[in-house]
Amino acid sequence: MATGTGTGTGRFVVWDYVVFGAMLLISAVIGVYYAFAGGGQKTSKDFLMGGRSMSALPVALSLTASFMSAVTVLGTPAEVYRFGAVFCVFAITYLLVVLASAEIFLPVFYRLGITSTYEYLELRFNKYLRLCGTVLFIIQTILYTGIVIYAPALALNQVTGFDLWGAVVATGVVCTFYCTLGGLKAVVWTDVFQVGIMVAGFSSVIIRSVVVQGGIQRILNDSYDGGRLNFWDFNPNPLQRHTFWTIVIGGTFTWTGIYGVNQAQVQRYIACKTRFQAKLSLYINLVGLWAILTCAVFSGLALYSIYKDCDPWTAKKVSAPDQLMPYLVLDILRDFPGVPGLFVASAYSGTLSTVSSSINALAAVTVEDLVKPYFRTLSEQKLSWISKGMSLFYGGLCIAMAALASLMGGLLQAALSIFGMVGGPLLGLFSLGILCPITNPLGAFVGLLSGFVVSLWVGIGAQIYPPLPERTMPLKLRTIGCETEPLGNWTATMAMPILTTLSHAPVIERPVLADHWYSLSYLYFSTLGTLVTIAVGIIVSLLSGGRKQNIDRKFLLTKEDFLSNFAFSKPEKKEKVEVLNWKLHNLADEGIDNLAFNHIEMNFTDNKEKVNGIHI
């Protein structure tokens with residue numbers, strides 16, 4: 001029985017390693033199966049797009065799995081533990097994001113039959129914008145994936161004693177193995193398996209917590225008494241970190257940049273056999289997002305209920321908030337051999353799904369944007385082998401980046417901050433192309449540049465001068481039930497779970513801008529980048545003759561795209577996807593927010609009088 005003070009927590013035993021190893025083995029076997037099933041991956045389209053034959057349900061589960069990175073498993077409960085259940089408002093955000101992605105971006109991408117989302121930029125604007133996007137996407141995704149592999153391994157190692165580099169290399173190698181052999185189909189079906197593992201891991205924690213605390217009612221009562229059930233905060237101040245408005249408005253822009261135009265997400269739903277199936281996958285995925293959010297938030301409330309009188313973080317039992325969930329698991333599940341291993345497997349399933357999606361997306365953009373346009377005589381079989389080679393190459397690179405992540409600390413945190421800032425301007429660029437017929441290439445480029453400058457300015461400023469506690473409003477934590485004296489001043493901006501352990505930046509004297517401009521809620525960074533890009537893009541296009549250009553309507557969102565939603569009474573014709581081979585190859589994959597990018601990943605600063613979080 002857990003004591004609530006965390007004394008005598010367990011360590012990993014043989015059965016925990018067996019469960020973790022079984023998860024890796026099954027993932028690898030799925031890759032081998034899809035390497036040979038149905039005659040194997042004969043063409044690059046088979047490898048990168050699953051032959052455009054996927055159905056809605058597995059794609060939906062795959063999208064959900066990528067969303068649920070290890071940061072969700074470890075970070076979201078810690079976020080709720082420290083800041084309360086206002087995080088639940090993201091349920092509204094996810095609905096708006098799925099609507100925007102399914103009804104604005106998906107119809108255009110699906111109709112054009114593109115493989116790389118950045119192909120669209122060349123078709124609509126020019127090849128230079130495409131190339132910019134591809135290079136940005138590749139650099140960002142490699143950096144980010146290194147962190148995704150290393151950070152959860154570090155958090156779990158420090159609490160469970162789980163071997164750090166053994167876990168990093170094992171997950172990286174297995175991920176690369178099944179991506180290289182099985183392509184997109186292997187990525188999707190391993191994600192389906194891994195989302196099951198993640199749900200099982202969360203469920204084990206929730207069920208055991210309810211038993212330990214004697215029922216759900218006690219958990220809710222403790223959370224209410226501790227101020228954790230703070231669902232509604234309608235403060236309109238944009239400097240406040242999480243309010244109803246920052247989460248709904250800022251979160252919608254941030255996540256539409258991921259679901260609407262990110263290669264890793266788009267590549268999967270446009271691999272569906274029909275547009276109806278593609279849209280359906282997004283809407284089913286919405287149910288998955290809500291389920292995960294509910295599990296993660298309730299886990300955070302259970303975490304608070306159990307440790308309300310003895311916070312393990314301020315009592316120095318763990319060194320960062322991202323270690324609270326593994327600490328809880330070893331505390332309350334130590335008498336159940338193999339179950340802590342199931343939880344660790346669930347955290348690593350999040351890592352695998354995120355990394356595999358990244359590797360597959362990197363291979364796709366490299367082949368479509370950097371190989372095909374310049375080597376047009378290559379046969380489909382050769383392109384298929386090149387795609388597999390790229391998966392292998394990027395897998396190795398991501399493992400190398402994980403090793404680099406262990407050495408670079410603060411620099412990597414700054415790099416991760418940039419990911420959130422890049423998504424907004426890119427979302428603005430695609431929105432200009434799809435929604436604004438007057439936008440010309442010059443307007444699009446100047447708009448993109450302006451959006452980047454503004455969002456990088458505010459984002460890097462926030463990284464250097466993190467918002468003060470009154471902007472982040474951490475809730476009280478107590479240690480009266482502990483024998484250990486608490487740390488001095490625990491309050492601070494929330495450290496980005498998972499990365500809090502990577503570095504500590506010194507406290508710096510704050511300029512005037514720090515408490516105003518740089519203190520803007522991290523969720524508004526993407527919003528700011530998007531709106532600046534669109535506004536500047538439209539103005540420059542109007543001034544440079546944008547009205548005179550004649551744009552093919554197939555590159556724009558049309559009213560027929562919307563009206564086709566109501567044509568389901570007629571039998572759906574197999575949609576003929578026109579694959580655009582006629583144009584010198586496609587656009588560059590933009591550096592959209594990386595796939596498994598989590599709100600939690602994007603923000604937070606930890607504090608023990610030092611800032612080590614990411615504030616993007």
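Residues numbered from 1 in each chain as written. Predicted model: local features only at pLDDT ≥ 70, side-chain atom pairs only at ≥ 80, totals over all residues. Heavy atoms only, no water.

The protein appears in an unreviewed UniProt entry as Sodium-coupled monocarboxylate transporter 1 from Alligator mississippiensis. Taken from UniProt, the Sequence similarities (unreviewed entry) comment for the protein reads in full: "Belongs to the sodium:solute symporter (SSF) (TC 2.A.21) family." According to the UniProt record, the Subcellular location (unreviewed entry) comment for the protein is "Apical cell membrane". (UniProt positions renumbered as here; feature names shortened; annotations may be inferred.)

Now for the overall build of the protein. When helices and strands are tallied, the protein shows 21 helices and 0 strands. Counting only residues that meet the buried cut, the protein has 62% of its 616 residues in that class. Of the contacts made within the protein by residues no fewer than 6 positions apart, 88% connect residues no fewer than 24 positions apart. Accessible area for the protein stands at about 21,400 Å²; split by element, carbon and sulfur atoms hold 69% of it. (Helix = DSSP H or I, 4+ residues; strand = E, 2+ residues; numbered from the N terminus. Buried < 20%, exposed > 50% of the residue type's maximum accessible area, 1.4 Å probe, protein only. Contact = heavy atoms within 4.5 Å. Areas by Shrake-Rupley, 256 points an atom, 1.4 Å probe, with all protein chains shown as cover.)

Turning our attention to the packing of helix H8 (residues 164-213) against helix H13 (residues 324-332). Their axes nearest at 11 Å, the elements H8 and H13 cross at an angle of 55 degrees. One finds that H8 runs oblique with respect to H13. For H8 against H13, the interelement crossing comes out left-handed. Only Met325, Leu328, Val329 and Ile332 of H13 make contact with H8, whose side of the interface consists of Phe202, Val205, Arg208, Ser209 and Val212. Per-class residue counts for the contact of H8 with H13 are 7 nonpolar, 1 polar and 1 charged. (Axes fitted to C-alpha atoms, helices over the stretch in contact; angles between N-to-C directions. Parallel < 35°, antiparallel > 145°, perpendicular 65-115°, else oblique. Left-handed = near helix turned anticlockwise from the far one by under 90°. Nonpolar A, V, L, I, M, F, W, Y, C, P; charged D, E, K, R; others polar.)

The next thing to look at is the side chain of His242. Tracing the backbone through its elements, the reader meets His242 in the loop between helix H9 (216-225) and helix H10 (244-259). A polar side-chain atom of His242 sits 2.7 Å from a polar atom in the side chain of Tyr522. Here His242 is in contact with Glu79, Val86, Phe87, Phe90, Asp233, Ile247, Tyr522 and Leu523, once residues within four sequence places are set aside. (Polar contact = N/O pair within 3.5 Å; in protein donor to acceptor, adjacent residues only side chain to side chain.)

Attention now moves to helix H7 (residues 127-160). Here H7 contains 34 residues, and its C-alpha end-to-end distance of 49 Å stays within 8% of the 50 Å for a straight helix at 1.5 Å per residue. H7 sits mainly inside the fold: 24 of its 34 residues count as buried. The N-cap of H7, judged by a side-chain oxygen 3.1 Å from the amide nitrogen of Tyr128 a few residues on, is Asn126. One or two positions beyond H7, positive phi appears at Gly161, with a value near 80 degrees. (Expected span 1.5 Å × (residues − 1).)

On to the pattern of salt bridges, then. Under the counting rule described, the total for this entry stands at 13 salt bridges. In this structure, Lys279 and Glu103 form a salt bridge, with 2.8 Å as the shortest nitrogen-oxygen distance. In this pair, Lys279 is assigned in helix H12 (residues 275-306) and Glu103 in helix H5 (residues 90-112), connecting sequence segments 176 residues apart. In this structure Lys279 comes out as buried when scored by relative accessible area, which is 7%. Where Asp222 meets Lys308, a salt bridge forms, and the shortest distance between an N and an O atom there is 3.5 Å. One end of the pair, Asp222, is in helix H9; the other, Lys308, is in the loop between H12 and H13, with 86 residues separating them in the sequence. Classification of Asp222 as buried rests on a relative accessible area of 10%. Each of Arg111, Arg275 and Asp561 takes part in a single network of salt bridges with overlapping partners. (Salt bridge = Lys/Arg side-chain N within 4 Å of Asp/Glu carboxyl O.)

Per the counting criterion, the structure on display carries 23 aromatic pairs. Between the NZ or CZ atom of Arg241 and the centre of the ring of Phe83, over which it lies, the distance is 4.3 Å. The ring of Trp385 carries the charged tip of Lys388 above its face, separated from the ring centre by 5.1 Å. (Phe/Tyr/Trp six-rings, centres within 6.5 Å; stacked < 30°, edge-to-face > 60°. Lys NZ or Arg CZ within 6 Å of the ring centre and 35° of its normal.)

Let us now look at helix H14 (residues 339-371). Look at H14: 46 Å from first C-alpha to last across 33 residues, which is about the 48 Å you get at 1.5 Å a residue. Judged by how many residues are buried, H14 sits mostly within the fold: 30 of 33 residues are covered.

Next up on the list: unusual backbone geometry. The backbone of Lys316 sits at a positive phi, close to 65 degrees, despite the residue not being glycine. Using a relative accessible area of 56% as the deciding quantity, one classes Lys316 as exposed.

A separate point is the nonpolar core. Grouped together as the largest cluster of nonpolar side chains are 154 residues, with contacts concentrated most on Phe109, Tyr120, Tyr259 and Tyr348. With 19 residues, the top contributor of residues to this core is H8. (Core = buried A, V, L, I, M, F, W, Y, C linked by side-chain atoms within 4.5 Å.)

With that settled, the discussion passes to a nonpolar patch on the surface. Taken together, the side chains of Ile92, Leu95, Leu96, Leu99, Phe231, Trp232, Phe234, Trp245, Ile249, Val287 and Trp290 make up a nonpolar region of the molecular surface, amounting to roughly 970 Å² of accessible area. For the nonpolar patch, the elements supplying multiple residues, two or more each, are H5, H10 and H12. Residue contributions to the nonpolar patch peak at 4 residues, all from H5. Mapped onto the fold, Leu99 is located in helix H5. (Patch = residues over 30% accessible without salt bridge, like charges linked within 9 Å, V, L, I, M, F, W, Y side chains within 5 Å.)

Right, let's talk about the environment of Gln240 for a bit. You can see Gln240 is positioned in the loop between H9 and H10. On the basis of relative accessible area, Gln240 is assigned to the buried category, the value being 5%. Along the chain, Gln240 and Pro467 lie 227 residues apart, while their C-alpha atoms are 9.1 Å from each other. For Gln240, the residues in contact, after removing those within four places along its chain, are Asn235, Thr246, Glu470, Arg471, Met473 and Ser521.

Relative to the assigned elements, Gly423 resides in helix H16 (residues 410-435). Placed 165 residues apart in sequence, Gly423 and Ile258 show a C-alpha to C-alpha distance of 7.2 Å.

On to the environment of Leu184, then. Looking at where Leu184 falls in the secondary structure, it is placed in helix H8. Once the C-alpha coordinates of Leu184 and Gln267 are considered, the two residues, 83 residues apart in sequence, prove to be 8.9 Å apart. Those residues within four positions of Leu184 in sequence are excluded, and the remaining contacts are Phe47, Leu48, Met49, Gly50, Gln267, Arg268, Ala271 and Asn360.

Looking now at the confidence of the model for the protein. Reading fine detail from the predicted coordinates is not recommended where pLDDT is low. Confidence in the prediction of the protein, expressed as mean pLDDT, is 79, and 83% of residues score 70 or more. Considering each helix and strand of the protein separately, the mean pLDDT is smallest for helix H21 (residues 599-602), with a value of 39, and largest for helix H19 (residues 524-543), with 94. Here residues 579-616 scores under 50 on pLDDT; set against residues more than four positions off or in separate chains, the count is 234 contacts. (pLDDT = per-residue confidence, 0-100.)

Another point: the packing of H8 against H12. Where H8 meets H12, the closest approach of the two axes is 10 Å, and the angle between their N-to-C directions is 35 degrees. The two elements H8 and H12 meet at a crossing, and its hand is left-handed. Residue-level contacts link Phe202, Ile206, Ser209, Val210 and Gln213 of H8 to Cys295, Ala296, Phe298, Ser299, Ala302, Ser305 and Ile306 of H12. Taken together, the residues of the contact of H8 with H12 break down into 8 nonpolar, 4 polar and no charged.

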